[in-house]
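Structure at a glance
As a plain string of letters, each chain reads:
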Amino acid sequence: MLANNNYLKELESESIYVLREVAAQFERSALLFSGGKDSIVLSYLASKAFAPAKIPFPLMHIDTGHNFPETLEYRDKWVERIVARLVIRYVQDSIDKGRVQEETGYNASRNVLQTVTLLDAIEELKLDACLGGARRDEEKARAKERFFSHRDEFGQWNPKNQRPELWDLYNGRKNMGEHFRVFPLSNWTELDIWQYIKLENIPVPALYFSHEREVVERNGQLLAKSAYLNLRENEESKTMQVRFRTIGDMTCTGAVPSSASTIDEIVAEVAASRVTERGTRADDKRSDTAMEDRKKVGYF
């Protein structure tokens, strides 16, 4: 276990270095916080990076309005625990202002709509860097990102226009109106995240552990029954023992059958899995390039 701990500490040191680079190179940053395990670990690392001072940038949550209640409850407790400042922007406000149009139909989701809310928040707050907990093993489009990922004045990403990052040198130069997305967890894997959570005894939402929940099976996904999920006439919910590998909008975040009720059991389950956690996300199945298409227009 000692060798593994050393490896995790190396990842920790790298991420803390990137976090401090952000504080040094940018004037107005925010850490995008979803309440999921990756953003939890990232915010925990930020609290370590700048201790005993407070985290020098706020945590920002883009609230779709269709979140799991457990996520929101955890978010507020966690922000209080690490003594961070929380900024919330709501997709519902974007809908009310006519900035986006609510999707309709059985597969309607607000997940895509949050891109506009995010870009509006970046412009409103004059942010020049947004930190996220994305990892390169999540999905093929994620693997194309650098630690410092440039966005143009429209918030768009060009995967062919990435800057070299040799010898841990990060280039944050930008023109007015442009900004960077920064990914300090780029070299972590899902398994690393869970082993670090165990090592540091970091609390996570109960959604990650096995529990009974009413779910609806749709297109190979187990979606949580909720007021936000439009059911077809032939669809029925059933109670199953499940857990969630990733946390997002309830309309597109799928559960997996699982009896894993401890961190050790989750680690064993993840180590044996041959499907990435993004394989449980219905929004990623809209097309073969769904994630990359969303990222190009500003999705995180």
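Residues numbered from 1 in each chain as written. Predicted model: local features only at pLDDT ≥ 70, side-chain atom pairs only at ≥ 80, totals over all residues. Heavy atoms only, no water.

1. Observations concerning the packing of helix 6 (residues 190-200) against helix 7 (residues 263-272)
At their nearest, the axes of helix 6 and helix 7 sit 10 Å apart, and the two run at 165° to each other. Relative to helix 7, helix 6 is oriented roughly antiparallel. Every pair of crossing elements has a handedness; the one defined by helix 6 and helix 7 is left-handed. On helix 7, the residues that touch Glu-190, Leu-191, Trp-194, Gln-195, Ile-197 and Lys-198 of helix 6 are Ile-263, Asp-264, Ile-266, Val-267, Val-270 and Ala-271. (Axes fitted to C-alpha atoms, helices over the stretch in contact; angles between N-to-C directions. Helix = DSSP H or I, 4+ residues; strand = E, 2+ residues; numbered from the N terminus. Parallel < 35°, antiparallel > 145°, perpendicular 65-115°, else oblique. Left-handed = near helix turned anticlockwise from the far one by under 90°. Contact = heavy atoms within 4.5 Å.)

2. Observations concerning the sheet that holds strand 5 (residues 148-151)
Strand order across the open sheet formed by six strands is 3-2-1-4-6-5, with mixed pairing between neighbours. Two strands lie at the open edges of the sheet, namely strand 3 (86-90) and strand 5, each paired on one side alone. Taken over all neighbouring pairs, the strand axes of this sheet differ in orientation by 30° on average, direction set aside. Pairing of strand 1 (residues 29-32) with strand 2 (residues 59-63), which is carried by two bridges, proceeds in the parallel orientation. Bridge pairing in strand 2 places Leu-32 opposite Met-60. Where helix 3 (residues 69-81) meets the sheet, its contacts fall on strand 2 and strand 3, and the angle it forms with strand 2 comes to roughly 165°. (Pairing = 2+ DSSP bridges.)

3. Things to note about the sheet that holds strand 8 (residues 221-224)
Within a beta sheet, neighbouring strands are joined by backbone hydrogen bonds and run either parallel or antiparallel to one another. With antiparallel pairing, the four strands of this closed barrel are ordered in space as 7-8-10-9. For this sheet, the mean inter-axis angle between neighbouring strands, taken without regard to orientation, is 70°.

4. Remarks on the packing of helix 2 (residues 37-49) against helix 6
Viewed as axis vectors pointing N to C, helix 2 and helix 6 meet at an angle of 50°, and their least axial separation amounts to 10 Å. Taken together, the axis directions place helix 2 and helix 6 in an arrangement best described as oblique. Of the two elements, helix 2 crosses helix 6, and the hand of that crossing is left-handed. Residue-level contacts link Lys-37, Asp-38, Val-41, Tyr-44, Leu-45 and Lys-48 of helix 2 to Glu-190, Ile-193, Trp-194, Tyr-196, Ile-197 and Glu-200 of helix 6. Across the contact of helix 2 with helix 6, the residue classes break down as seven nonpolar, no polar and five charged. (Nonpolar A, V, L, I, M, F, W, Y, C, P; charged D, E, K, R; others polar.)

5. Here's the deal with the nonpolar core
When a protein is soluble and globular, its nonpolar side chains tend to lie buried together. Membership of the largest hydrophobic core comes to 57 residues, with the highest contact counts inside it found for Leu-19, Val-41, Phe-148 and Trp-194. Looking at this core, the elements with two or more residues in it are helix 1 (2-25), helix 2, helix 3, strand 4 (129-131), strand 6 (179-182), helix 6, strand 8 and helix 7. Sorting elements by how many residues they give to this core places helix 2 first, with seven residues. There are two domains that each give this core at least three residues, and those are domain 1 (7-192 + 289-296) and domain 2 (205-284). Aside from chain neighbours lying at most four places away, what touches Leu-19 is Leu-42, Leu-45, Ala-46, Ala-49, Phe-50, Phe-57, Leu-131 and Pro-184. Counting 15 residues, the second-largest nonpolar core is a separate cluster that includes Leu-32, Leu-118, Leu-119 and Cys-130. (Core = buried A, V, L, I, M, F, W, Y, C linked by side-chain atoms within 4.5 Å. Buried < 20%, exposed > 50% of the residue type's maximum accessible area, 1.4 Å probe, protein only. Domains from an automatic or database assignment.)

6. Notes on the pairing of strand 9 (residues 238-243)
In terms of strand pairing, strand 7 (residues 211-218) meets strand 9 through five bridges, oriented antiparallel. When the sheet's bridge partners are listed, Arg-213 is paired in strand 9 with Met-240. As paired elements, strand 9 and strand 10 (residues 254-257) share two bridges and run antiparallel to each other. Bridge pairing in strand 10 places Arg-243 opposite Val-256.

7. Some thoughts on the layout of surface pockets
Taken as a whole, the largest pocket spans an internal volume of roughly 300 Å³. If you go around the largest pocket, you meet 14 residues; those closest to its centre are Ile-122, Glu-123, Leu-127, Gly-177 and Glu-178. Counting residues per element, the lining of the largest pocket draws most heavily on helix 5 (residues 114-125), at three residues. The residue inventory of the lining of the largest pocket, partitioned by class, reads five nonpolar, three polar and six charged. (1 Å grid on protein atoms, 1.4 Å probe; cavity = no way out; pocket = protein on both sides within 12 Å on 5 of 7 lines; lining within 4 Å. Points joined across faces, edges and corners; volume = space filled by probe spheres on them.)

8. Observations regarding the domain arrangement of the protein
Domain boundaries assigned for the protein yield domain 1 (7-192 + 289-296) and domain 2 (205-284). Centre-to-centre separation of domain 1 and domain 2, based on C-alpha positions: 23 Å. The largest contributions to the domain 1 side of the interface with domain 2 come from His-66, Phe-68 and Tyr-106, which together make up 29% of the buried area. In this structure, the connection of domain 1 to domain 2 is made through two salt bridges. In this structure, the salt-bridge partner of Arg-245 is Glu-190, at a minimum N-O distance of 2.7 Å. At the boundary of domain 1 and domain 2, one finds 10 residue pairs in polar contact (both at pLDDT 80 or more). Elements supplying a minimum of two residues to the side of domain 1 that touches domain 2: helix 2, helix 3, helix 6 and helix 8 (290-296). For the side of domain 1 that touches domain 2, the element with the highest residue contribution is helix 3, accounting for four residues. Of the residues assigned to the side of domain 1 that touches domain 2, the class counts are nine nonpolar, 11 polar and 11 charged. (Buried area = accessible area lost by both parts, 1.4 Å probe. Salt bridge = Lys/Arg side-chain N within 4 Å of Asp/Glu carboxyl O. Polar contact = N/O pair within 3.5 Å; in protein donor to acceptor, adjacent residues only side chain to side chain.)

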